[in-house]
Amino acid sequence: MQHLVIDSHVHVGTAGVPLGPADPETSFAQWQARAAAAGISGAVLMAAPVRTYAAANRAVAELAGRDPGKWLWYVFVNPARDRGRVGAVVAAAVGHHACGIKVHWSDAMATDEVADAAERHRLPVLFDPGGDVQRVAYLAGRHPNVPWIVPHLSSFADDWRAQKRLIGLLVRLPNVFTDTSGVRYFDLLEEAVARAGAHKVLYGSDGPYLHPAPELAKIFALGLMPEDRDLVLAGNILRLTGPARKAAGARRNVTTHSRRTETWP
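From a predicted model like this one, the values you see are computed outputs, not experimental measurements. (Residues numbered from 1 in each chain as written. Predicted model: local features only at pLDDT ≥ 70, side-chain atom pairs only at ≥ 80, totals over all residues. Heavy atoms only, no water.)

**Considerations on the packing of helix α5 (residues 133-142) against helix α6 (residues 160-172)**
- Running from N to C, α5 and α6 cross one another at 20°; their axes reach a closest spacing of 9 Å. Here α5 lies roughly parallel to α6, going by the angle between them. Considering only the axes of α5 and α6, their crossing is right-handed. In this structure, α5 uses Val133, Val136 and Ala137 to contact α6, whose residues at the interface are Ala162, Arg165, Leu166 and Leu169.
- Within the contact of α5 with α6, the residues separate by chemical class into 6 nonpolar, no polar and 1 charged. (Axes fitted to C-alpha atoms, helices over the stretch in contact; angles between N-to-C directions. Helix = DSSP H or I, 4+ residues; strand = E, 2+ residues; numbered from the N terminus. Parallel < 35°, antiparallel > 145°, perpendicular 65-115°, else oblique. Left-handed = near helix turned anticlockwise from the far one by under 90°. Contact = heavy atoms within 4.5 Å. Nonpolar A, V, L, I, M, F, W, Y, C, P; charged D, E, K, R; others polar.)

**Thoughts on the sheet that holds strand β3 (residues 71-73)**
- The parallel open sheet is built from 3 strands, whose spatial order is β1-β2-β3. In this open sheet, the two edge strands, each paired with only one partner strand, are β1 (6-12) and β3. Strand-to-strand twist of the sheet, defined as the mean angle between neighbouring strand axes without regard to direction, takes the value 30°.
- Note: β1 against strand β2 (residues 42-47), 5 bridges, orientation parallel. Bridged to aspartate 7 within β2 is alanine 43. (Pairing = 2+ DSSP bridges.)

**Description of unusual backbone geometry**
- A cis geometry characterises the amide bond from glycine 207 onward to proline 208, with omega recorded as 0°.
- Residue placement: proline 208 occurs in the loop between β9 (201-202) and α8 (212-221).
- Of note in the backbone geometry, alanine 15 takes a positive phi value of approximately 55° without being a glycine.
- The topology assignment puts alanine 15 in the loop between β1 and α1 (24-38).

**Let's talk about the packing of aromatic side chains**
- All told, the structure shown has 5 aromatic pairs when counted by the stated rule.
- Ring centres 4.2 Å apart and planes at 5° place the aromatic pair tyrosine 53 and phenylalanine 76 in the stacked group. With tyrosine 53 in the loop between β2 and α2 (54-65) and phenylalanine 76 in strand β4 (residues 75-76), this residue pair connects regions lying 23 residues apart in the sequence. As far as the burial class goes, tyrosine 53 and phenylalanine 76 line up, both buried.
- Among the aromatic residues, ring-to-ring pairing joins Phe28, Trp31 and Trp71 into one connected group.
- Across from the ring centre of phenylalanine 177, 5.4 Å away, lies the NZ or CZ of lysine 200, which sits over that ring. (Phe/Tyr/Trp six-rings, centres within 6.5 Å; stacked < 30°, edge-to-face > 60°. Buried < 20%, exposed > 50% of the residue type's maximum accessible area, 1.4 Å probe, protein only. Lys NZ or Arg CZ within 6 Å of the ring centre and 35° of its normal.)

**Quick word on the sheet that holds strand β6 (residues 125-128)**
- The 6 strands lie next to each other as β4-β5-β6-β7-β8-β9, forming an open sheet whose pairing is parallel. Strands at the two margins of the open sheet, each flanked by one partner only, are β4 and β9.
- Two elements, strand β8 (residues 176-179) and β9, share 2 bridges in a ladder whose sense is parallel. Residue pairing for β9: aspartate 179 is matched across the bridge by leucine 202.
- Contacts from helix α4 (residues 112-121) reach β5 (101-104), β6 and β7 (148-150) within the one sheet, and its direction differs from that of β5 by about 165°.

**Here's the deal with the confidence of the model for the chain**
- Taken over all residues, the pLDDT of the chain has a mean of 94, while the share at 70 or more is 94%.
- In the model of the chain, helix α9 (residues 226-255) stands out as the element of lowest mean pLDDT, 89, in contrast to β7, which has the highest, 99.
- For the stretch residues 256-264, pLDDT sits under 50, and the model shows 12 contacts to residues farther than four places along the chain or on other chains. (pLDDT = per-residue confidence, 0-100.)

**As for the environment of alanine 108**
- Within the element layout of this structure, alanine 108 appears in the loop between β5 and α4.
- Spatially, the C-alpha atom of alanine 108 lies 9.9 Å from that of aspartate 128, the residues being 20 residues apart in sequence.
- Beyond its immediate sequence surroundings of up to four residues, alanine 108 is in contact with Asn78, Pro79, Ala80 and Val103.

**A look at the pattern of salt bridges**
- Applying the stated criterion across every chain yields a total of 10 salt bridges.
- Where aspartate 82 meets arginine 85, a salt bridge forms, and the shortest distance between an N and an O atom there is 3.0 Å.
- Look at aspartate 82 and you get buried, because its relative accessible area is 10%.
- We classify arginine 85 as partly exposed; its relative accessible area is 33%. (Salt bridge = Lys/Arg side-chain N within 4 Å of Asp/Glu carboxyl O.)

In structure tokens:
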């Protein structure tokens, strides 16, 4: 049986990490081939962590725009370097049909400024806190209308204590979600679904750093009911990006027969 699978966490390029092809286009082509073989239908694309994102965001927007029926994209912001202009960066990206915001702890922690921009445009924030679950709780509590997607159960470094704390947060706060990418402790994925519900968990691979097929195999190994499995594989990411995608579709209709010049901060 064919399933709709949308990888909710795919980078374009590796930001100098010596894994696979260095060129972003070649790297993405390799990921595409792997994803197609695994039966993945589409993905959310974003830049790799490079600290300064104007050029990288433009490249991702252009790539996603080649097949908007297949590729969604998130604008990557650096809350420290972009301080005072996050709203302008996000607004420009939304003009190019971005449907979410990405923040990585290696740049800086997410801020109220990021959350304000997300709420203004009805975007989810994919925020990797590097295990700092307290920061997620603080922001999610202050901004209850913003969906916070926390990848790797909060820690790519396998900090199981942080991952356990994040599961508790998934249970308590309705606007906190997680993705499955890079989670090695399978029992914690089972616990997250059992305690918080399948509607809180998204399939993601963190490609091209990780191969999409073994990451996808974890979802089927969970043995979920079909309706829950379908939420994890695609339904949740479609729901969370739905408002932004709907707005983007309206903008496409308005601008189909007009020429417009976009300014990227």
